[in-house]
Amino acid sequence: MDKMPKWADVILTPLISLVLAMAISALVILAIGESPVMAMKTMVEGALGSSYGWGFTLYYATNFIFTGLAVMVAYHASLFNIGGEGQAAMGGLGVALVLLYLPLPHWAIALPVAMIGAAAFGAAWAFIPAYLQAKRGSHIVITTIMFNFIAAAALNYVLVNKLRPVGSMDPASARFPEATHIPALTDLAAGLGMTWGKNTPVNITFLVAIAACALVWLLIWRTKLGYEIRVLGKSEPGAVYAGISPVKITVIAMLISGGLAGLMAINNVMGESERLVLNAVEGAGFIGIAVALMGRNHPFGILLAALLFGFLYQGGGELALWTSIPRELIVVIQALVILFTGALDNMVRMPLERLFLSMRRTKGGAK
Amino acid sequence: MKIKDSLIALIVLGICLIWAFVDGSAAEQGIGSALRLMTPLLLACLAGLYSERAGVFDIGLEGKMLMAAFTAASVAYLTDSAWLGLLAGIGGSLALSLVHGLASITFRGNQLIAGVAINFLASGLTVLVGQNAFGLGGRTPALTGAGRFQPINLPFAETLRDVPVIGPIYSGLISGNTILVYVALLMVPVTWWVLFRTRFGLRLRAVGENPASVDTAGVSVTRLRYAAVAICGILCGIAGAYLATGLSAGFVKEMTAGRGFIALAALIFAKWRPWQALFATFLFGLLEAIANLYPNLDLGFITIPSMFMNALPYILTVIILAGFVGRAIPPRAGGEPYVKER
Amino acid sequence: FAEPALIFDLGGKFDKSFNEAAFQGAQRWVEETGGTYRELEMQSEAQREQALRRLAEVGANPIVMTGFAFGDVLTQIAGDYPDTKFAIIDMVVDAPNVQSVVFAEEQGSYLAGVMAGMKSETGTVGFIGGMDIPLIHKFECGFAQGFKATQPEGKVVINYTGTTPAAWNDPVKGGELARAQKSQGADVIYAAAGGTGIGVLQAAADEGILSIGVDSNQNHLHPGQVLTSMVKRVDNAVYDAFTAGEDLVPGVKVMDLAAGGVDVAIDDSNRELVDAEMQAAVEEAKAGIGSGEIAVHDYMSDNSCPAS
Amino acid sequence: MTVENDMMGGRSATTAPAAIELRGISKAFGPVQANRNINLSVPKGSIHGIIGENGAGKSTLMSILYGFYKPDSGQVLVNGQPITIADSQTAIRAGIGMVFQHFKLVQNFTVLENIILGVEDGALLRPSLSKARGVLKKLAAEYQLNVDPDEVIENLSVGHQQRVEILKALYRQADILILDEPTGVLTPAEADHLFRILEGLRDEGKTIILITHKLREIMDITDNVSVMRRGEMVASVKTSETSPEHLAELMVGRKVLLNVEKTPAAPAAPVLEVRNLTMTDDEGVQRLRGIDLDIRAGEILGIAGVSGNGQTMLLEILGGYPPKGSKLGGEIRMNGQPLPIGGRGCDAAQRRRAGIGHIPEDRQVEGLIMDFAAWENVAFGWQDAPEFTKGMLMDNAAIKADAEAKMERFDVRPRNPNLAARNFSGGNQQKIVVAREIERNPDLLLIGQPTRGVDIGAIEFIHKQIVALRDAGKAILLVSVELDEILALSDRIAVMFDGRIMGERLPENTTTGELGLLMAGVTDTEHTPDDAGIPPGSAHVDTLPQEPV
Ligand SMILES: Nc1ncnc2c1ncn2[C@@H]1O[C@H](COP(=O)(O)OP(=O)(O)OP(=O)(O)O)[C@@H](O)[C@H]1O
Ligand SMILES: Nc1ncnc2c1ncn2[C@@H]1O[C@H](COP(=O)(O)OP(=O)(O)OP(=O)(O)O)[C@@H](O)[C@H]1O
Ligand SMILES: [Mg+2]
Ligand SMILES: [Mg+2]
């Protein structure tokens, strides 16, 4: 028996929270002497007002979907993977190595191969923390934080000393061969005779991300492995009683998690920059934590949260690009959205529950 | 059990001793550097310790420190007083603690999300407000004179300088730090004492282990947790103020540079205990100081690249953690809001 | 008449480094001409192309961008806007409508090295870079050459702050590195590390040793305690580009010592530190570089440095 | 519905004011009405029992009295004075102490620290601790409640933990003591000891409220008893004027069979053979010292013993998951085939494949995933079973259908497979576990504490199912600390003490007294002083040869 209808819980509550976050954001904008209406308009138009805006919003969202799913899968095994940043960076390395050194004649071949490379490198980077957690009890939060730093150092080294073309100033790999460039969504639209999102970075990885959401949902709630992951996440003694090996499941869950984080590289490295640059992940690994938690560790929630963050990123980018509002305002708005929808949600939910309960009481009393 | 508990201490002391033996003067400088690098980590780590011991997990240490660094530097600049700056730093950090408390105690929200939000909030607000106030892209103007905490020379530091062993340790390491370093060091026994020798500490630990036990003993869970979160805010405030007005001379955006996360790692490393927190944070400081002093290890046949030396502290941390420290069991009620009725 | 535009790299326009210098150049142009310009700050890699295209499409001309990271994107899109002129700083892009402005940081750093060599009593100086990337090695290598030219037996202690972008904004670590270098004997420290450098200069001043600033003139930060600053006149490059407007000349523009692109700053804040002898040595080095007598090796040419 | 409530009112009107009087207490948890307009009067200096099915609202009512929950409406009077109990502090000051069903102890604190928590004298601990140490010594002597004041709670047995809870209340000088299912986790000896203490307290003039599912205890010790059903108080009677059957009927609303009906066993071939099983834990303490057991098809072997004597480990080893870091020895055969003991290839899944089912001792920690829906719990442990899977996928439709069928057959209420396990009452949670394991039709079923904290209606049902499985020719190993249960269900009884089997008895030839001695490690029962409960001569009958140790 629930205190209020499901729609009120999953739609009404976040919506009101979002409105509250936006209201406070408006106050902040006022406080720095700018117009909230103008700011809101710029953001919404810039992110959602045209196929161009959507092209960017979806591009960012794609990154966050992968890192969000990564956090989610680990979370269901009650592992807090803060290492998405490093795993995604390593995924980028995997993509770069595959695309630069394997002769891949066509993107349709390059894509799956690069996906394997990305997932393998991301998973490999998650493996040591996972193994140490499972076997030695080394806390995964520490080890994944450390592995983020180590990944950054490793990439710094590889890009500067190994992958950088001779004479280039830029600590970045060479461009990937033309044949391996995956189609952008705008190309697909053009194939269908439409003009959509010209010159936007969103590419078919977005579709891969949607598929990943579905697959992760399937994995967690429909497969035996997912069942075992969730059992372990809820109760380790329970898992042992049920004949599930905590060591095995811990490692597998983290490998999947790292692999998903690594897959993000398909979007930003293979799809957008078409070469590997330094700091390509740009904090998406950390945003993934917020996205997963706000999405209530459900792929559909993650999809929505990722879109929301994509919107904030792109809308905020537009704001910073075309108005005098500093780009940090966006960070503040993001913070408020995370705070209100993710952590202060009960501030809205509790009164709503009381409202629905009393409504039910009066109705119940009448009959 | 006991040996395992003091293992980090032994490792740290061992490194120091070997270093002092191999290269005395470098060790003196390095250990001094480690002490300074340790101080913000230690304060933040103890801050987290209070909060998490009371059952409120805090990944917002970074944000609280950053906010404190900013408010401390701003007020120190405006008033030309490091002490007022310190107060402001504490105030700034406390404000975020209040947000954390509101979200995770009063409204029983997700403590981790609240922490993430606080990190974002601090990162954005500091630059936004700073740019509005000073127009330097979020930086505060450089602090001078009374706007900064100056090193204090302890009594007899000069006279004892040439005494062997004691001289370098007392005059070189212990003396000549800013007051906040001593505050941080003092906070270790104080925290231990508060936690394990006072009524408040007993209740605080109890509320992190089993809040229902505290509730049924007639003590308010909410008030205790708020108190813990507030102490966390104060300590993060000191840490941030030390960064901006002790170690450097003003605020630079994102100047905490991940120290809040390292402090969090140290807290787990220390298994939520004050003395171990001292050694864990000192270990981080020490490893960084070593990497700073030997940036390009030339082994003859191969020169270790700087990136590797930069990553060395993190690599060693993982090795020590996996090799010697083992399983860390967090406070049992940690991370979960106290809900009586669902 | 089209407005010019300036795009800052991820570090932001107040990076205490070359973005800030670019900003100052634009400001100077505004003050002198009363004109207006558009400016953008990047927030993510994916925005580079967006920003360039949008600016080109709204008719901004010329479009100036700071940082090598734009090189790749500019190569891709310059052809799409043949009527727009672009200027890119710190990178060579071969396109008919692009001016590539490259600085001879090694030459300016060489001069800084010479001054450090004259000043150092211990025979040891320090170099602190932000991230370990080729551009910063260019500074490091020029500095080391200048120093070794003065003190052939001297030693340069080299540190890099870190491997993440945080390395550019960590004054605390910068300060500790400076102290570590001092303990190794360094008495002049050259910082090429953005916001981290502020901590280096501060620590050096606190410790009573000298420091050398970078990019813009930082002598005033600690008067009498900053030996000099290796100024990289990004401001001039931007100013020139804005002034040239649509007539911006494509091709590679080398901003070396001779062109006034790099220099060491001597002003009221550090005049007392620079005695006549040092002044003469600097002038001599300048002349030597100008005449080709002194060939300052560019790290970028072969990824190695003869002086270290 | 008969409400026999006037008796209490009459009494309190003529004598001193009642220690506790509740008037019209109501409490809802969201949509659940846990207490509805409850009236209750408890005379001073009496022991008052409260009974009711799982989820009837007993714990809620008492928690309101203790200030843990706030009532939605109603009034509380303590010693005739109206009082608003806003929090537990108020309750403690009013002289009320409570021992909760789930102990409210800090696991990694010492006994002393737990005792003083909330009632420290002054800001420093040292004086409080030394004072408490003194008081504790006196209380221990007075009430025979011995516990080591410096021991950490997690190292104490549940029985001792409960002593700490009682000491906590006494230390707070409680005049009114509420105990919520105190005997659920106690051995008979411990329970008897507790009751002597309670009687002593009553004789001192203290008032005691006792919640229990065991009617024998109600009949033994209480003066009055109140019955709750579905949030309402349905009756309050004098204990001397009622009978267990009557109470059971009041509670459940129908006649309940209080004794297990079973025919004599017809044991066939041995199913499980255990030979010289030893186990040393990770701290080097030997916990099992050579166990030999045989269980045959169609019989129930009951293992009696005070908890902590190795029964849990025996179950875990047989269940395929010995405690981490333990060293094992000996031999286990199932249907003649040797089973691995520890190491690779030995886990719970392997045991299930070998035909072993397992109802674990702790349903909430091991037996169920509390946050999973009931239907998901039906596949718990059997997630590999072919009928629940389609390749790598789980066949959720099949699992749900199976869950619905099981819930139907086992009368799990509410019959909602989508409800999380957490939201079922203890008895119904246990029915889900029992249904899952029994319906698998295992050759051997391991059962630990099948009815702990379960109401009588559910106990009756669960016992029937266990007997039915035996009658279907399956072997059953039953571990319980409830001697009544062991005696009622077992065909043979083995007593465990200190990692050994002390002896085997036939239920019809032994008594609780004799078993109690064996459980205490006394093998030589010849010199036992005659106990009132032991029929003469029974202690001498050794029906089975003693197992070699
Ligand atoms: N904290 C709570 N939040 C929500 N519902 C609760 C809570 N505690 C109890 N309930 C519900 O209130 C009702 C009464 O529960 P209560 O614990 O009082 O029963 P009980 O009689 O003590 O049962 P048992 O014999 O199993 O101990 C049940 O339906 C239960 O689900
Ligand atoms: N915090 C709670 N929220 C919701 N329901 C609760 C809560 N606590 C207990 N319940 C429910 O109240 C009822 C009685 O719970 P109680 O705590 O008395 O334990 P129980 O289920 O009887 O277990 P046992 O007696 O075996 O320890 C059950 O339905 C339980 O699920
Ligand atoms: Mg109960
Ligand atoms: Mg119960």
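Rules of the game
In this convention, every chain numbers its residues from 1, walking through the sequence in written order. The order in which chains are written sets their letters, starting at A; the order in which ligands are written sets their numbers, starting at 1. For this predicted model, a pLDDT threshold of at least 70 governs which residues receive local features, and a threshold of 80 or more governs which side-chain atom pairs are given and counted, while totals over whole chains, interfaces and linings are taken from all residues. Each side-chain value is worked out from all heavy atoms of the structure, with water and hydrogens disregarded. For two strands to be treated as a pair, DSSP must find no fewer than two bridges joining them. Starting at the N terminus, helices and strands are each numbered in turn, a helix being any DSSP run of H or I of at least four residues and a strand any DSSP run of E of at least two. Angles run from 0 to 180 degrees between N-to-C directions of axes, and those axes are lines fitted to C-alpha atoms, restricted for helices to the stretch in contact. Contact criterion: two residues are considered in contact whenever any of their non-hydrogen atoms come within 4.5 Å of each other. Any N or O atom pair separated by 3.5 Å or less is treated as a polar contact, with the protein-specific requirement of one donor-capable and one acceptor-capable atom, and with residues adjacent in sequence counted only for side-chain atom pairs. For this classification, Asp, Glu, Lys and Arg are treated as charged, while Ala, Val, Leu, Ile, Met, Phe, Trp, Tyr, Cys and Pro are nonpolar and the rest, including Gly, are polar. Buried area adds together the accessible area that both of two parts lose upon being put together, with accessible area traced by a 1.4 Å probe. For salt bridges, the criterion is a side-chain nitrogen of Lys or Arg within 4 Å of an Asp or Glu carboxyl oxygen. Here's how the labels work: a residue is buried when its accessible area is under 20% of the maximum for its type, exposed when over 50%, partly exposed in between, all with a 1.4 Å probe on protein chains only. Residues are classed as near a molecule or strand on a simple rule: at least one heavy atom within 4 Å of it.

Asks: How do you make sense of the sheet that holds strand β1 (residues 20-29) of chain D when you look at a structure like this?
Replies: Two orientations exist for strands paired in a sheet by backbone hydrogen bonds: parallel and antiparallel. All names here are of chain D. Read across the open sheet, the four strands follow the order β2-β1-β4-β5; overall the sheet is antiparallel. Only two strands of the sheet have a single partner each, and these edge strands are β2 (32-42) and β5 (81-83). Adjacent strand axes in the sheet meet at a mean angle of 30 degrees, parallel and antiparallel pairs treated alike. Summarising the sheet, β1 and strand β4 (residues 73-78) pair through five bridges and their orientation is antiparallel. Bridging from a neighbouring strand, S26 pairs with S73 of β4. With respect to the sheet, helix α2 (residues 58-65) is in contact with β1, β2 and β4, its orientation differing from that of β1 by roughly 115 degrees.

Asks: Help me out: how do you make sense of the interface of chain B and chain A in this one?
Replies: A common measure of how large an interface is: the accessible area buried when the components associate. With 44 residues of chain B in contact, the opposing surface of chain A contributes 49 residues. On the surface where chain B and chain A come into contact, there are three residue pairs in polar contact (both at pLDDT 80 or more). Mapped by element, the contributors of at least two residues to the side of chain B that touches chain A are α5 (82-106), α6 (111-134), α12 (259-269) and α14 (306-325) of chain B. Element by element, the count of residues in the side of chain B that touches chain A is highest for α6 of chain B, at 13 residues. Residues of the side of chain B that touches chain A, tallied by class, amount to 31 nonpolar, nine polar and four charged.

Asks: Would you mind going over the interface of chain B and chain D with me for this structure?
Replies: Contact residues are listed per partner, giving 24 residues for chain B and 32 residues for chain D. Buried area between chain B and chain D, both sides added, is near 2300 Å², and the carbon and sulfur share of it is 54%. Considering only the side of chain B, the residues that lose the most area to chain D are R199, L202 and T216 of chain B, jointly responsible for 26% of the buried surface there. For the interface between chain B and chain D, the tally reads three salt bridges. With a shortest N-O distance of 2.6 Å, E120 of chain D and R203 of chain B are connected by a salt bridge. Along the contact surface separating chain B from chain D lie ten residue pairs in polar contact (both at pLDDT 80 or more). Examining the composition of the side of chain B that touches chain D, we find that six residues originate from one element, helix α9 (residues 199-209) of chain B, more than from any other. Partitioning the side of chain B that touches chain D into residue classes produces nine nonpolar, five polar and ten charged.

Asks: I tried to follow the side chain of S44 of chain C on my own but got confused; where do I start?
Replies: If you trace the backbone, S44 of chain C turns up in the loop between β2 (38-41) and α2 (47-57). Residue S44 of chain C is classed as buried on the basis of its relative accessible area of 2%. Side-chain polar atoms of S44 of chain C contact the side chain of Y60 of chain A, separated by 2.9 Å. S44 of chain C has contacts with Y60 and E282 of chain A together with L10 of chain C, leaving out every residue within four places of it along the chain.

Asks: Help me out: how do you make sense of the site of ligand 1 in this one?
Replies: Residues in contact with ligand 1 amount to 18 residues; listed here are only the nearest, K340 of chain B together with G55, K58, S59 and T60 of chain D. More than a single chain frames ligand 1: its nearby residues are located in chains B and D. At a separation of 3.1 Å, an oxygen atom of ligand 1 approaches a polar side-chain atom of E181 of chain D. In the model, an oxygen atom of ligand 1 is placed 3.0 Å from a nitrogen or oxygen of the H213 of chain D side chain. Mapped onto the shell around ligand 1, the elements with two or more residues apiece are β2 and α2 of chain D. Looking at the shell around ligand 1 element by element, the count peaks at three residues for α2 of chain D. Classifying every residue of the shell around ligand 1 by side-chain character gives five nonpolar, seven polar and six charged.

Asks: It is not clear to me how unusual backbone geometry should be interpreted in this structure. Could you clarify?
Replies: Working note: non-glycine residues mostly have negative phi, and peptide bonds are mostly trans. Residue P62 of chain C is bonded to the preceding N61 of chain C through a cis peptide linkage, with omega at -5 degrees. Of note, P62 of chain C is situated in the loop between α2 and β3 (63-66). One non-glycine residue, D80 of chain B, adopts positive backbone phi at about 60 degrees. Tracing the backbone through its elements, the reader meets D80 of chain B in the loop between α4 (61-79) and α5. Exposure remark for D80 of chain B: the relative accessible area of 44% places this residue in the partly exposed category. Residues other than glycine seldom take positive phi values, yet R230 of chain D does so here, at roughly 45 degrees. Positionally, R230 of chain D belongs in the loop between β9 (224-229) and β10 (232-238).

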